[in-house]
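Structural description and commentary
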Amino acid sequence: MTRPAATGSCLAQEARGGSRLALSRLLTAVESRTPGAEEALRLLYPLAGGAHVVGITGPPGGGKSTLVAALVAEARARHRAVAVLAIDPSSPVTGGAILGDRIRMQQHAGDRDVFIRSMAARGHLGGLAGTTAESAAVLDACGFGLVFIETVGTGQSEVEVASIADTTVVVQAPEMGDEIQAMKAGLLEVADLVVVNKSDRPGADRAAAQLRAMLDLGNAERAGTSEHSRPRPKRPEVLLASGLDAAGVPELLTALDGHHAGRAGADRPQAARIARARAQVEGILADRSREALWSAARRAETEALLEQVAAHELDPYAAADRLLQQLGTGQPAATSS
């Protein structure tokens, strides 16, 4: 006989009780934004907020996955429960994650205090999946005190992770060419720590020195701006590490802990919490608005407006205003020009 599907509340209770199968099923439901997931999140969200969420981002080829695996090993050596959300590009056929970071971290597969989940970006920009923040909250509520979020790693614009992470780590490798390129798209603007990975390779010390000099220069330039400019952040620390042989990894984990502890009681944590809440609420609003616009009751009106825009009978701003009005009143939008 087929076993009935577990409700969201049942999955939440089982996941909190230590069932890794229930946790996996719950995260699948969260990624799919099912009604059961919403039910579970309503129960779990008040229990979250205690974990240290660490974002690991940086250009492709920096060795982020290897470094995260080494950090997980170090955290376990310190008897800490740790989870990883590894965001991967999506398969154009199935929509699933195609790199599978869990394969790269098989040495932790049998450890019940380690949970590794590959998540498909599914077209979401910024290096994350659309439900990353909710998934991190689930892991937090289920007892994982340290949660790593590893971004896709497809470019220099993956700064969204800073809005949901307590600490953001930018990973750079010494052989990646002109290190100045790492400054150009804002990655270092969101960094709390910068790691030159693959420190066993030639040029690592030089890359670290260049990054420190650039960060010092950037801070000096900010110091000379108007007194009304935005307060400049503290220059991020630059560390050397090697995910392959774990050199510098204990120091990196200690630095992560120090950064997290140093924020306690400061103004920035509250701002960070508000930024995280904003990212979550805006994401849910966008999804619900999209679903409403393409629901059976409104699809015809939405398509009619798009046809008018395509024919240049209506400008896209007016169409957007009408659709917003439609959502606000609960009535179909007028489609006449």
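What this report covers is the structure whose coordinates are included nearby. This one's a predicted model, so the numbers in the text were calculated from it and none came from an experiment.

Quick notes on the rules
- Residues numbered from 1 in each chain as written.
- Predicted model: local features only at pLDDT ≥ 70, side-chain atom pairs only at ≥ 80, totals over all residues.
- Heavy atoms only, no water.
- Pairing = 2+ DSSP bridges.
- Helix = DSSP H or I, 4+ residues; strand = E, 2+ residues; numbered from the N terminus.
- Axes fitted to C-alpha atoms, helices over the stretch in contact; angles between N-to-C directions.
- Contact = heavy atoms within 4.5 Å.
- Parallel < 35°, antiparallel > 145°, perpendicular 65-115°, else oblique.
- Left-handed = near helix turned anticlockwise from the far one by under 90°.
- Nonpolar A, V, L, I, M, F, W, Y, C, P; charged D, E, K, R; others polar.
- Salt bridge = Lys/Arg side-chain N within 4 Å of Asp/Glu carboxyl O.
- Buried < 20%, exposed > 50% of the residue type's maximum accessible area, 1.4 Å probe, protein only.
- Phe/Tyr/Trp six-rings, centres within 6.5 Å; stacked < 30°, edge-to-face > 60°.

Strands sit in the order β3-β2-β4-β1-β5-β6-β7 across an open sheet of 7 strands; the sheet is parallel. Each edge of the sheet is formed by a strand with only one pairing partner; in this case those strands are β3 (114-120) and β7 (237-240). Adjacent strand axes in the sheet meet at a mean angle of 20 degrees, parallel and antiparallel pairs treated alike. In this structure, strand β1 (residues 52-57) lies alongside strand β4 (residues 146-150), joined through 5 bridges in parallel fashion. Paired with Val54 across the strands is Phe148, a residue of β4. Its contacts with the sheet put helix α4 (residues 64-77) on β1, β2 (82-88), β3, β4, β5 (167-172) and β6 (193-196), and the angle it makes with β4 is roughly 175 degrees.

Contact geometry for helix α1 (residues 8-16) and helix α3 (residues 35-44): axes closest at 7 Å, N-to-C directions at 50 degrees. Comparing the axis directions of α1 and α3 gives the class oblique. As α1 runs across α3, the sense of the crossing is right-handed. Here Gly8, Ser9, Ala12 and Arg16 of α1 come into contact with α3, specifically with Gly36, Glu39, Ala40, Leu43 and Leu44. Taken together, the residues that form the contact of α1 with α3 break down as 4 nonpolar, 3 polar and 2 charged.

With that settled, consider the pattern of salt bridges. In a structure, side chains of opposite charge can pair up when their charged atoms sit close to one another. The full count for this structure, using the stated rule, is 14 salt bridges. Across the pair Arg33 and Glu134 runs a salt bridge, and its minimum N-O distance is 3.4 Å. Of the two residues, Arg33 is situated in the loop between α2 (20-32) and α3 and Glu134 in helix α6 (residues 132-141); the sequence distance between them amounts to 101 residues. Under the relative-accessibility criterion, Arg33 is labelled partly exposed at 29%. For Glu134, a relative accessible area of 7% corresponds to the buried category. With its nearest N and O atoms 3.5 Å apart, the salt bridge here joins Arg76 to Asp113. With Arg76 in helix α4 and Asp113 in the loop between α5 (101-104) and β3, the pair connects residues that are 37 residues apart, well separated along the chain. Where salt bridges share partners, they join Arg33, Glu134, Asp287 and Arg290 into one cluster.

A word on the packing of aromatic side chains. In this structure the tally under the stated criterion is 1 aromatic pair. Pairing Phe115 with Phe144 gives two aromatic rings, centres 6.3 Å apart and planes at 45 degrees, and the pair type is tilted. Of this pair, Phe115 sits in strand β3 while Phe144 sits in the loop between α6 and β4, placing them 29 residues apart in sequence. Like Phe115, the residue Phe144 is buried in the burial classification.

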